[in-house]
Amino acid sequence: MNALSKAKGFKKSKAGTYLSIGTTAFGAVGVAKQVQKARSEHDALRLVDAVITGAAIVTGIALLVRELKRIGDDDVLLG
């Protein structure tokens, strides 16, 4: 039962937050490809979509970094 409660708290742990940052940043690879394709095809609508998606990724990472700072020493997996 204790392991189950730790697993539920993983998302709010430092390790879980780092994992979320990594997976969110990995989405930037897809956005970069989307920008490249949009530029090569001169597709303004796809370029706008890629820019908005990129902004969402940056905002998501910023929120996760803020959460990481809030966690501080209150890491649920350590305590």
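The following paragraphs examine the structure supplied in this document. (Residues numbered from 1 in each chain as written. Predicted model: local features only at pLDDT ≥ 70, side-chain atom pairs only at ≥ 80, totals over all residues. Heavy atoms only, no water.)

Note on helix geometry: an α-helix contains 3.6 residues per turn, so any two residues three or four positions apart are oriented the same way. Its 28 residues give helix α3 (residues 44-71) an end-to-end C-alpha distance of 41 Å, which sits within 8% of 40 Å, the value for a rise of 1.5 Å per residue. Buried residues of α3: Ala 50, Gly 54, Ile 57, Leu 64, Leu 68 and Ile 71, and no others. Sitting at the head of α3, Asp 43 places a side-chain oxygen 3.2 Å from the backbone nitrogen of Leu 45. Gly 72, located one to two residues past α3, shows a positive phi value of around 50°. (Helix = DSSP H or I, 4+ residues; strand = E, 2+ residues; numbered from the N terminus. Expected span 1.5 Å × (residues − 1). Buried < 20%, exposed > 50% of the residue type's maximum accessible area, 1.4 Å probe, protein only. Polar contact = N/O pair within 3.5 Å; in protein donor to acceptor, adjacent residues only side chain to side chain.)

One can describe the packing of helix α2 (residues 14-41) onto α3 by two numbers: an axis separation of 9 Å at closest approach and a directional angle of 165°. By the angle between their directions, the pair α2 and α3 is classed as roughly antiparallel. Both α2 and α3 take part in a crossing whose hand is left-handed. Its residues assigned to classes, the contact of α2 with α3 shows 15 nonpolar, seven polar and six charged. (Axes fitted to C-alpha atoms, helices over the stretch in contact; angles between N-to-C directions. Parallel < 35°, antiparallel > 145°, perpendicular 65-115°, else oblique. Left-handed = near helix turned anticlockwise from the far one by under 90°. Nonpolar A, V, L, I, M, F, W, Y, C, P; charged D, E, K, R; others polar.)

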